[in-house]
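Chain by chain, the residues run as shown.
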Amino acid sequence: MIYRSFAKVNLHLEVLGLRPDGYHELRTLFQSVDLCDLVHLEIGGSGVRLAVAGQALPADERNLAHQAATAFLAAWPVADGVRITLEKNIPLGGGLGGGSSNAATVLQGLRHLLGVQQSTDARLEELGRALGADVPFFLTGGLALGSGRGDEILPLPDLPEREIWLVTPALEVSTASVFQEFRELTGDREVSSMGSLVWGEGVDWEMAARGWNDLQPIVMRRFPEVCRVYNALVEAGARTVRLSGSGATWLALFDDSIESSDLLTALAPGCRVFRARTLTRTSLQRLRVVH
Ligand code: C5P
C-alpha cells in the first residue's frame with residue numbers, strides 16, 4: 001500500500017517558557033498542507049527494512065519512520081516484519097514536519113494494513129509522542145491547537161481550504177539550536193513577552209493572519225538569506241509571510257491566487273517554491289491512501 005504523508009505549517013507559534021524537562025512550552029496553531037511524501041508499506045520479512053528515495057537521509061534506526069515501525073511492532077506483535085520505502089519531497093529541516101509526518105503515516109498505515117482496531121487511537125498517540133513532539137499532530141491533521149511541547153493536540157473546526165505558498169531557502173535549520181538561542185536571548189522567561197493570542201470559539205483566516213512566530217526573529221538574525229526571502233515575499237505582495245516552526249520555510253498568503261510560481265522563483269533564487277493548499281481533516285481522509 002502507498003500512503004501520502006502530508007506536511008504541516010505553523011500559522012502561529014508562541015514560546016511560553018522553558019519546562020522542567022528541557023523542552024519549551026508552546027502554544028501553536030498547526031495546519032496540514034497538501035505538499036507530501038509517499039510512504040510505501042509492505043508486510044513481510046523480519047524486522048524493519050527501510051529505503052529512502054529523493055533525499056539523502058539515513059535509512060536505519062536514526063530515521064523516525066524506522067523508529068515508528070519498530071515501536072508499532074513492539075506494541076502489536078501481529079507481524080514479523082515490514083518493508084518501508086519513503087519517497088521524499090518535503091524539504092528537510094525546513095519546519096514542515098516531514099520526518100514526524102512520515103512517522104505518523106507509518107503508525108496509521110500499519111494499523112490500517114494489519115487491521116488493528118480503531119480503539120488504538122490513544123495508544124497510537126502515546127507511541128507518536130515518544131517519537132517526537134510534532135508526531136501527535138500528524139495523527140490528527142487539519143487545523144489544531146498544540147500545547148505542552150506541541151504534542152498536546154486539540155483539533156479545531158477546519159478553516160476553508162486555500163492556496164498557500166511555501167518557500168524554502170537552501171539551508172537546514174536545527175530546531176534544537178533555534179530553541180537554545182531563544183533561551184539565551186530571553187533568559188528563560190516564563191511567559192511570552194508578546195502576550196498570548198486569545199483564540200475564541202473558532203479561528204478564521206483573518207485571525208490566523210494576525211498570529212506570529214516567536215522563533216522568527218532568531219532565525220532571521222542568524223541567516224541573512226532567510227531575511228532576504230522574507231523581504232522578497234513582502235515585495236511580491238504577500239499579505240502574510242510567516243516562518244513555519246523553526247524554519248527556514250516561509251509560508252506566504254496572498255489575497256489573490258497567483259497563476260504561476262515564476263514570480264516567486266525569480267524573487268527567491270535558490271529556494272524551493274511550492275504552491276500548496278491547506279487541507280481539512282475530511283480531505284486528509286480522502287487523500288491518505290494512494291492505492
Ligand atoms: O521533538 P523534536 O525532537 O523534534 O525536537 C527537537 C529539539 O527541539 C528538542 O530536542 C528540543 O531541543 C527542541 N524543542 C524544544 N521545545 C519543544 C520542541 C522542541 O525545546 N516544544
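Given the structure is predicted, the values throughout are model-derived calculations rather than measurements.

1. Some points on the site of the ligand
Phase 1: Taken together, Y23, H24, L26, A133, R149, T175, A176 and F179 make up the full set of residues near the ligand.
Phase 2: Separating an oxygen atom of the ligand from a side-chain N or O atom of H24 is a distance of 2.8 Å.
Phase 3: Here R149 contributes a backbone N or O atom positioned 3.0 Å from a nitrogen atom of the ligand.
Phase 4: Out of a free accessible area of 450 Å², the ligand has 70% covered by protein chains.
Phase 5: At a threshold of 2 Å from the grid points, most atoms of the ligand map onto the largest pocket.
Phase 6: Secondary-structure elements contributing two or more residues to the shell around the ligand are strand 2 (24–43) and helix 5 (175–186).

2. Let's talk about the sheet that holds strand 8 (residues 240–243)
Phase 1: An order of 8-9-7-10 is seen for the 4 strands of this open sheet, with the pairing classed as antiparallel. The open sheet has two edge strands, strand 8 and strand 10 (272–277), and neither has a second partner. Taken pair by pair, the neighbouring strands of this sheet meet at an average axis angle of 25 degrees, ignoring direction.
Phase 2: Here 4 bridges tie strand 8 to strand 9 (residues 250–253), and the two strands are oriented antiparallel to one another. The residue of strand 9 that forms the bridge with V241 is A252.
Phase 3: Across the sheet, helix 8 (residues 224–235) lies against strand 7 (163–168), strand 8 and strand 9, angled at about 5 degrees from strand 9, the strand it touches most.

3. Notes on the confidence of the model for the chain
Phase 1: Considering every residue of the chain, the mean pLDDT works out to 91; 95% of them sit at 70 or more.
Phase 2: pLDDT under 50 marks residues 192–196. Its contacts with residues more than four places away, or in other chains, come to 13 contacts.

4. Some points on the packing of helix 1 (residues 64–75) against helix 2 (residues 98–114)
Phase 1: Closest axis-to-axis distance for the helix 1/helix 2 pair is 8 Å, and the angle between their directions is 35 degrees. At the point where helix 1 passes helix 2, the crossing takes the right-handed sense. In this structure, helix 1 uses L64, A65, A68, A69 and F72 to contact helix 2, whose residues at the interface are G99, S100, N102, A103, V106, L107, L110, R111 and L114.
Phase 2: Here the residues of the contact of helix 1 with helix 2 sort into 10 nonpolar, 3 polar and 1 charged.

5. So, helix 8
Phase 1: Taking 1.5 Å of rise per residue, 12 residues should cover 16 Å, and helix 8 covers 17 Å from first to last C-alpha, within 8% of that figure.
Phase 2: Restricting attention to buried positions, one finds in helix 8 the residues V226, V229, A232 and L233. One side of helix 8 carries all its buried residues, which in axial view fall inside an arc of 120 degrees. Opposite the buried face of helix 8, at more than 90 degrees from it, the exposed residues are P224, R228 and E235.
Phase 3: Those residues of helix 8 that are buried are in contact with strand 7, helix 7 (216–222), strand 8, strand 9 and helix 9 (262–267).
Phase 4: Just downstream of helix 8 lies G237, where phi reads positive at about 100 degrees.

Reading the values: the criteria
Residues numbered from 1 in each chain as written. Predicted model: local features only at pLDDT ≥ 70, side-chain atom pairs only at ≥ 80, totals over all residues. Heavy atoms only, no water. Near = heavy atom within 4 Å. Polar contact = N/O pair within 3.5 Å; in protein donor to acceptor, adjacent residues only side chain to side chain. Areas by Shrake-Rupley, 256 points an atom, 1.4 Å probe, with all protein chains shown as cover. 1 Å grid on protein atoms, 1.4 Å probe; cavity = no way out; pocket = protein on both sides within 12 Å on 5 of 7 lines; lining within 4 Å. Sits in = over half its atoms within 2 Å of the grid points. Helix = DSSP H or I, 4+ residues; strand = E, 2+ residues; numbered from the N terminus. Pairing = 2+ DSSP bridges. Axes fitted to C-alpha atoms, helices over the stretch in contact; angles between N-to-C directions. Contact = heavy atoms within 4.5 Å. pLDDT = per-residue confidence, 0-100. Left-handed = near helix turned anticlockwise from the far one by under 90°. Nonpolar A, V, L, I, M, F, W, Y, C, P; charged D, E, K, R; others polar. Expected span 1.5 Å × (residues − 1). Buried < 20%, exposed > 50% of the residue type's maximum accessible area, 1.4 Å probe, protein only. Arc of directions from axis to C-beta.

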